[in-house]
Every structure is written in structure tokens, then in C-alpha cells.
Amino acid sequence: MTAAQLPPVAPEVTATLVEELSPRLRKRLDAAVTKLGARPTHRDGDTVTIAVDEETDLRMHAPGGVVATADAITCGCLLAPACVHRAAAACAAPAADPAPEPTGQEAPAEAGSAPHADGTASESTGPALESTTPAPYGTASAPDSTTPAPDATACTPPDNTPAPDVASPAQRVAADAVWSAAAAVLEAGVEGAGAVAQAALLRAAHTARLQHLPRAAGAALSVVTLLRAARAGDPSYRTPDLVTALAELLGTAHRVGTASGAELAAVRGRARRPYSPDGSLRLYGLFTEPVVTDSGHGGARTWVAGPDGRLYTVGDVAPGGVGRALGVADRAVRLGESALTHRELGRAGLAVSGATVSPDGRLGAGKGVKAVTARGAAWTEPPLAALWETPPLQQAVRALRATSRYADPDAGGSDLLFLDVELRGAVRDPGGVSLLASCDGGTAVRLTVPDDDPALAHRDNLMLLATAPGTRLRIIGRLLPALHPRLALLACSHPTGEGTIDLGFDRLRRADLPVPDAPVHPAPPGPGDSGAHSPLHLLERRVEQTVPAGRAALGMLGDVSAEARRLRRAGLPTAAGLLAALCASAARRERDAFGRLLPADTDGFATHWLAAARYTSAVSESLCAAAWEPRPEPAVTG
């Protein structure tokens, strides 16, 4: 049995079932989850049956596709309903997305433009390292849930100016619960954060949702999902993803008690709004890319632009892997009456009425949407040509702002860059061979493939373009955050100047190149092109090291003064201080008057870890932006 075979369970249901277990059964819960996962299942309509053993069945009733109440999980064993099986089934199943917010009171209004999740402004002020990073969160623990928020009327100034919007006492209590549950996960690490710790997070997520804190609730569910993937050995799991999710969760919970006004609106977040009406749209195709995920899904995504340069996508992704991706590209787009395929839409246009659009630019295909084929535009014609007129540095900063680990979920934006480049040839990187190119201002950019699957055309096209140094192309790429300018190459103008190439689907031929073939040997990167070898990784690896094994993994490190000195010599004194404080907090255990160890300071350690995690992310983004500043390009030999 896999989690995908079970119906999603509402977070509060899982939390309730775990909380009702006796202390003895809670100790057996993780083993029960594992054992139940090996048992066969059977689906009959809205009901999934799990064979607990040869004589006992457990049933999960999911009307509407979700197990919404604890009574919907029943077990036939002698100990039911107080058995461990019901809770184990809930813990083995996926966590359901939150239901719409309760309507008992009006959700907080959204105000102003939202800052980043770390509270910094959206615009980068330059490449300086220390000055552009957010200050650490300080040494205070989570907000004190027993301290009531000031009464709004009592705080009104004498001139009757309205007091700023602040979190309610109930919201602070809910944020406190989220902080405590997340800090406990960080303390225990993946290995120790079993079903009981996950249930505490699910309870905190449910409470946060009831108090109109959907951002914290969503972040808590993300952490639970990643914890389960890590503990199950899911091949798609990546530790940095859980680092980001935990830092987002802790940071959001912390800021609920300190933010006000527009910042608080961003911290609270908004209930899910998958699609909203956007009237009539005139769209111009840009390109189509294959989509292949680690979970076995495949399909295609076509990018289009409006007259104002806003980007939209039309996608078709479902289980099927790379084979489905190759087939979907030539299927009709699911949008109105249009008969265009995805690849045709990437070079044509659409007129859409009754359009619906998600916050990230996905176009909906509801019954009220009507779309007809219209004339497209070349990349060199308006309105598309304007996409290439923004300087590369500004585009990189914009892409970083949209794809930051802690970006406001409602901020929108895209990670695509539109560049005019001149190819320089192949260059060898630690991870393989890339294509070196130079763009406006002399910035050297490494172009690599978004997917190395041999069934896709990315790698063959890249290596063929590497044999044509001096060729000028107009390209579209996806920013890859690194210490040097780096893009995943998605599409380009045809080397002969006629039309465009979807580099994942279309295959270039040697006859398409404007110059005769010539042997080109991969060259080592030139001076100043490989990116500054920042020692920031010394702090990053300690932040990541905590997540799998918990605080104890850092507590046993011992002296880190040598690493701190190296960071200071590199001009990163804040990083050095954060590293020393983090490791000291991990190792610190106080004793009482009788010499007995007191409980560890979980809140203090979580605060130090959060500051280090957010700092490393901000500095990495600053280094990436700085790398896109115009500079002389290296020479390539061969």
C-alpha cells in the first residue's frame, strides 16, 4: 500500500485520532504505520478498505474524496475504536488540503504590497553581502501567548488616527502553537519526528486555519508532507526542500506576533484562490517546454504573453513520465474552442474571453472560457520584443524576487530570462559540460539543460550549438541560482534567423547551423567566470545538517572556531557569528542545583537556526544577483 492509494485525511482528523491514543499506544504508532503500509487495500466507491490482518478490516470513508471526520475511519478489531489502527491509517494517508476558511467572521482584509516572508523589501539594493541580508530574528523565543494584544481603541492616538492592524490574541496563541510544533520537529530531526510530532503539526495547522492564518497552516502541511516523504525514503525528497519549509513555517509563526498593517496581511496569507476572472485576453505564444517530474508525471507547458508583457501558461500534466510529455506536445490545448496543439500555440496567438487565471499565471479551462486562434508575433516584433529590452541584471533580480525560497506566495512573477547572446563554445563544469555565451554588457552566462533525459532533445541541441561559436541567438532560459550567471536553456531563435526552436521537443540538425562544423574542445572556465568560491557553505551545511538528525547532530560538533575564522576572513562576520551561536545553542544543556540535566532550550535553538537559514538564503540570492553585473568575458580556446 502506498499513500497515494489512500484518500486524503483532514489534518484535524489525524490530530484527533493521535491525541486520543493512550501513551502506550502512541509509542507503537510509528511501527503501526509501517506495518499498515504493507497491507493490501481495496477501493469501492468512496470507501477504501485495508486488510489489517486475515480477519480484520479497516475502512476509510471519504465522501467527496476526503476523510472529513474521525468517525469515517472504522476498524473491526476488538480494541476499536480505541485501537492504534485508526490513527495509523490516518497518519499513512496524505494530508488533505485545508477546507475553505470558516465564515463565522470576516477574514482579515489584504492591504498594500506584500514584502518577502523575511520582512525585507522586494527590491535588491545591490550586491553587498552583509548589508543586503535580513537581520537575524534575535534571541527572543516565540511570542508570549499569554500576553494580550493591545486593545485597538485604547491605542488610538489623541488625533484619532486609526491604530495599525495587529494580530488578535487568538492568532498569537495559534502562531505560538505552530512555532512550538515546528521547533519540536527541528529538535528531533527527521529521524525523531514520527507520527506523534506530525500530528502536533497537523493540529497546529488546523488551529491556524481557524484563526485565519492560511499561510502558516499551508506551511505546516508542507512540512508534514516532506517529513513523511523523508521517512518513507521517497526518491524525490530533498533535504533543502525541508530546510526551506521549516524556515518558512518558523518565520511565519514568529512574525504573526510582531507584524502589523500590510506586513501582517502578507504573514497571514490568503485562503486558496486557484483561479480568478480576468476578462478578455489577447495572447501571443512564446514557446513550449516538456514537464517531467520525479513523481512520474509528464506533460507540456506552453508560455504565452499578453500585450503588457505579463506571462501566462497553459499546461497539461498527468501521470505518464517522459513518454506522455512527448505525446502531449502535439495534442490540442485544453482552452476554449481552440484547435491549436501546444507546440502550435507556442508560435501562434489566442483571443480569450471569460479568462480565469491563477496567482502564478496559469490559465483556467472552465466551461465559461472561450478561445479562438489569432495571429501570433515573432520574438522581434511587438509586443514580444519588449521582453528582451530589459537589462540582464534587472531580469535576474526580478527572477530571484519571484523565486526566492521565502517569496510572498501571492507576489507572482516568473523565473524566466530573455537574453540576446553570442555563443562562445563548450566549457567544462564540475557537473558536466555547459554552453558558454556572452550577453549584453559582456556578462558570461553558462547555459545548461533543464532535463538530461535522453528522450528529450535538450542535451543534443545544446551540444550541437556548442559547435557554432560566434552564433548570435535570442534565447529564453530559466534562472538557476548560482555564484555565476547560469540558465537552463528552454528555447532559442533558429540559428538561421527563421522561426524559433523549442529545445526540449525540436531537434536541430548540423545543416541548421550557420557556420561549418569545427572541432571544439571543452575549455576550463576563465578567471573570474567560475564565480567567487564563497565559504558560505560552511554555515549552509550546518543548517542542513540539523534537519535529518536534529539538534544533537550539531551538539556533537565541538569547536567550530576555525570555520568561523574562515567566514570572517571572507568578509562574512555575521555568518561567523551565526555559526558560533547556532552550534553553541545546540550543545548547551543547563543543570539544576542537583546536577541533573534540564530540558534543552528548544525555542532558543529554533531561533538561532531560523536566523542562520534565512541569512544563508538571502546572501546566496545577493551573490547570485551580483554575478549578473556586466563584466569582461573570458576567452574560450579550442
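About the thresholds
- Residues numbered from 1 in each chain as written.
- Predicted model: local features only at pLDDT ≥ 70, side-chain atom pairs only at ≥ 80, totals over all residues.
- Heavy atoms only, no water.
- Helix = DSSP H or I, 4+ residues; strand = E, 2+ residues; numbered from the N terminus.
- Buried < 20%, exposed > 50% of the residue type's maximum accessible area, 1.4 Å probe, protein only.
- Contact = heavy atoms within 4.5 Å.
- Areas by Shrake-Rupley, 256 points an atom, 1.4 Å probe, with all protein chains shown as cover.
- Axes fitted to C-alpha atoms, helices over the stretch in contact; angles between N-to-C directions.
- Parallel < 35°, antiparallel > 145°, perpendicular 65-115°, else oblique.
- Left-handed = near helix turned anticlockwise from the far one by under 90°.
- Phe/Tyr/Trp six-rings, centres within 6.5 Å; stacked < 30°, edge-to-face > 60°.
- pLDDT = per-residue confidence, 0-100.
- Pairing = 2+ DSSP bridges.
- Core = buried A, V, L, I, M, F, W, Y, C linked by side-chain atoms within 4.5 Å.
- Patch = residues over 30% accessible without salt bridge, like charges linked within 9 Å, V, L, I, M, F, W, Y side chains within 5 Å.
- Salt bridge = Lys/Arg side-chain N within 4 Å of Asp/Glu carboxyl O.
- Lys, Arg positive; Asp, Glu negative; His and termini not counted.
- Charge placed at Lys NZ, Arg CZ, Asp CG, Glu CD.
- Polar contact = N/O pair within 3.5 Å; in protein donor to acceptor, adjacent residues only side chain to side chain.

(A) Main features of the overall build of the chain. A tally of helices and strands in the chain yields 17 helices and 15 strands. For the chain, buried positions account for 49% of its 638 residues. A separation of at least 24 residues holds for 67% of the contacts in the chain among residues at least 6 apart in sequence. Of the roughly 28500 Å² of accessible surface on the chain, 54% is carried by carbon and sulfur atoms.

(B) Representation of the packing of helix 13 (residues 537-549) against helix 16 (residues 573-587) within the structure. Interhelical geometry of helix 13 versus helix 16 gives an angle of 30 degrees and a closest axis separation of 10 Å. In terms of axis orientation, helix 13 runs roughly parallel to helix 16. Note on packing geometry: the crossing formed by helix 13 with helix 16 is left-handed. Across the interface between the two elements, Leu538, Leu539 and Arg542 from helix 13 touch Ala575, Leu578, Leu579 and Leu582 from helix 16.

(C) Quick look at the packing of aromatic side chains. Throughout the structure, instances matching the rule amount to three aromatic pairs. Each member of the aromatic cluster is reached from another via a ring pair, and the members are Trp379, Trp388 and Phe418.

(D) Unusual backbone geometry, seen in detail. That bond from Ala80 to Pro81 is cis: its omega, 5 degrees, falls within 30 degrees of zero. Residue position: Pro81 is located in the loop between strand 4 (73-75) and helix 3 (84-92). For the bond from Pro382 to Pro383, the omega torsion is 5 degrees, close enough to zero to count as cis. With phi around 60 degrees, His212 is a residue other than glycine that occupies positive phi space. Residue placement: His212 occurs in the loop between helix 5 (195-210) and helix 6 (214-231).

(E) Examining the confidence of the model for the chain more closely. Per-residue confidence for the chain averages 83 on the pLDDT scale, and 83% of its residues sit at or above 70. Low confidence marks residues 100-163, where pLDDT is under 50. Its contacts with residues over four positions away, or in another chain, come to 107 contacts. Note on residues 520-532: pLDDT under 50 across the span, and 31 contacts to partners over four residues away in sequence or across chains.

(F) Just the sheet that holds strand 5 (residues 276-292), in detail. Read across the sheet, five strands follow the order 7-6-5-8-9 without closing on themselves; strand pairing throughout is antiparallel. If you trace the sheet from one side to the other, it starts and ends with strand 7 (311-319) and strand 9 (370-374), each paired once. Put simply, the sheet's adjacent strands are angled 35 degrees from each other on average, direction ignored. Judged from the seven bridges that link them, strand 5 and strand 8 (residues 349-357) form a sheet pairing that is antiparallel. Residue Pro277 lies in a different strand from strand 8, and its bridge partner there is Thr356.

(G) Seen up close, the nonpolar core. In this structure, Leu201, Leu242, Leu246 and Trp609 are the most contacted members of the largest nonpolar core, which totals 70 residues. Broken down by element, the residue count for this core peaks at eleven residues, all from helix 6. When near neighbours in sequence (up to four residues on either side) are disregarded, Leu242 contacts Val190, Val223, Leu226, Leu227, Tyr237 and Val547. Listed in part, the 35 residues of the second largest apolar core include Val9, Ala62, Ala70 and Ala195.

(H) Representation of a negative patch on the surface in the model. Together, Asp53, Glu54, Glu55 and Asp57 make up a negatively charged patch on the protein surface. Structurally, Asp57 is set in strand 3 (residues 57-61).

(I) Representation of helix 8 (residues 261-268). Looking only at helix 8, the buried set comprises Leu264, Ala265, Ala266, Val267 and Arg268. Buried residues along helix 8 sit against helix 4 (169-192), helix 6 and helix 7 (239-256). Once helix 8 finishes, Gly269 follows within two positions and takes phi at roughly 80 degrees, a positive value.

(J) Structural view of the packing of helix 11 (residues 392-403) against helix 17 (residues 602-627). Where helix 11 contacts helix 17, the two axes come as close as 9 Å, and the packing angle between them is 160 degrees. Taken together, the axes of helix 11 and helix 17 are roughly antiparallel relative to one another. The handedness of the crossing between helix 11 and helix 17 comes out as right-handed. Across from Leu393, Val397 and Leu400 in helix 11, the residues of helix 17 making contact are Glu621, Cys624 and Ala625.

(K) Expanded view of the sheet that holds strand 1 (residues 41-44). Ordered in space as 1-2-3-4, the four strands form an open sheet in which the pairing is antiparallel. Strand pairing shows two members of the sheet lacking a second neighbour, strand 1 and strand 4, which therefore form its edges. Here the strands of the sheet are splayed against their neighbours by 20 degrees on average, with no regard to which way each runs. Note that strand 1 and strand 2 (residues 47-51) share four bridges and pair antiparallel.

(L) Local environment of helix 3. With eight of nine residues buried, helix 3 lies mostly within the body of the structure. Those residues of helix 3 not exposed but buried are Val84, Arg86, Ala87, Ala88, Ala89, Ala90, Cys91 and Ala92.

(M) Up close: the pairing of strand 12 (residues 444-448). Counted residue by residue, strand 12 has five buried out of five residues, so it is predominantly covered. Side chains Ala444, Arg446 and Thr448 project from strand 12 onto one buried face, and the interleaved Val445 and Leu447 project onto a second face that is buried too. As paired elements, strand 11 (residues 432-439) and strand 12 share four bridges and run antiparallel to each other. Among the inter-strand pairings, Leu435 is bridged to a residue of strand 12, identified as Leu447. Bridge count for strand 12 against strand 14 (residues 486-493) is three bridges, and the pairing is parallel. Looking across to strand 14, one finds that Thr448 is bridged to Ala488.

(N) Just the environment of Ala220, in detail. By the element assignment, Ala220 lies in helix 6. Separated by twelve residues in the primary sequence, Ala220 and Ala208 place their C-alpha atoms 9.4 Å from one another. Discounting residues that sit within four places of it in the chain, Ala220 has contacts with Leu201, Ala205 and Leu249.

(O) Structural detail: the pattern of salt bridges. The final tally for this structure, using the stated rule, is 25 salt bridges. Arg324 is the salt-bridge partner of Asp316, the closest N and O atoms lying 2.9 Å from each other. Both residues of the pair, Asp316 and Arg324, count as buried. The residue Arg509 makes a salt bridge to Asp512 at a minimum N-O spacing of 3.8 Å. We classify Arg509 as exposed; its relative accessible area is 57%. When salt bridges with common partners are traced through the structure, they connect Asp330, Arg343, Arg347, Asp502 and Asp506 into a single cluster.

(P) Here's a closer look at the side chain of Arg268. As for its position among the elements, Arg268 is in helix 8. Accessibility expressed as a relative area gives 6% for Arg268, which makes it buried. In this structure the side chain of Arg268 is engaged in a polar contact, spanning 3.5 Å, whose partner is the backbone oxygen of Val166.

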